[in-house]
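Architecture at a glance
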Amino acid sequence: NLNPGEKRKYNYLDAVWEHPETKARLFVGNQTVASDRVLLADKNIKSIVNCTDSMPFYFDGDPDLQYFRFHISGWSKVIKS
């Protein structure tokens, strides 16, 4: 939670895993975080996996960021078949 004192139903960004040696973190976040360049830099986020088919790569072309797209909703069709 980025703002521990703030009460809400969900967090904009959560660290869900940390490498035991390097301390590198895997975060899960939402569009609010994806569109906030300062927040991405503050959390040292350099690679972004966009799991939508429509949300833009907000800072495409920024040499400090690497983008990937994983269209997660498309997998529901594969799983159902």
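Computed from a prediction, not measured in an experiment: that's the story for all the values here.

So, how was this worked out
Residues numbered from 1 in each chain as written. Predicted model: local features only at pLDDT ≥ 70, side-chain atom pairs only at ≥ 80, totals over all residues. Heavy atoms only, no water. Phe/Tyr/Trp six-rings, centres within 6.5 Å; stacked < 30°, edge-to-face > 60°. Helix = DSSP H or I, 4+ residues; strand = E, 2+ residues; numbered from the N terminus. Buried < 20%, exposed > 50% of the residue type's maximum accessible area, 1.4 Å probe, protein only. Pairing = 2+ DSSP bridges. Salt bridge = Lys/Arg side-chain N within 4 Å of Asp/Glu carboxyl O. Core = buried A, V, L, I, M, F, W, Y, C linked by side-chain atoms within 4.5 Å. Contact = heavy atoms within 4.5 Å. Polar contact = N/O pair within 3.5 Å; in protein donor to acceptor, adjacent residues only side chain to side chain.

As a further point, take the packing of aromatic side chains. According to the stated counting rule, one finds one aromatic pair in the structure shown. With centroids separated by 4.6 Å and ring planes inclined at 20 degrees, the aromatic side chains of F57 and Y67 adopt a geometry described as stacked. With a gap of 10 residues between them, F57 in the loop between β3 (47-50) and β4 (66-69) and Y67 in strand β4 connect regions that are remote in the sequence. Since its relative accessible area comes to 23%, F57 is described here as partly exposed.

A word on the pairing of strand β2 (residues 25-29). Relative to β2, strand β1 (residues 13-18) runs antiparallel, the two sharing five bridges. Across the sheet, the residue bridging to A15 is F27, located in β2. In textbook terms, the turn of a hairpin is the stretch between consecutive antiparallel strands, and for β1 and β2 this stretch comprises six residues, one of which, K23, has a positive phi near 70 degrees.

Take the pattern of salt bridges next. On inspection of all chains with the given rule, the structure shows two salt bridges. Across the pair E18 and R25 runs a salt bridge whose closest N-O atoms are separated by 3.1 Å. Under the relative-accessibility criterion, E18 is labelled partly exposed at 35%. For R37, the salt bridge is made with D62, and the minimal N-O distance between the two is 2.8 Å. Pair noted here: R37 is in helix α2 (residues 37-42) and D62 is in the loop between β3 and β4, with a separation of 25 residues, a long-range link.

Bringing the nonpolar core into the picture now. Judged by nonpolar contacts, L13, V33, L39, L40, I45, I48, L65 and Y67 together constitute the single largest core of eight residues. Those residues in contact with L65 that sit more than four places away from it in its chain are R37, L40, I45, K46, I48 and F59.

Examined against the element boundaries, Y58 turns out to sit in the loop between β3 and β4. Assessed through its relative accessible area of 30%, Y58 is described here as partly exposed. Each C-alpha atom of the pair Y58 and A34 lies 7.0 Å from the other, and the pair is 24 residues apart in sequence. The residues touching Y58, leaving out its near neighbours within four places in the chain, are Q31, A34, S35 and Y67. Side-chain polar atoms of Y58 contact the side chain of Q31, separated by 2.3 Å.

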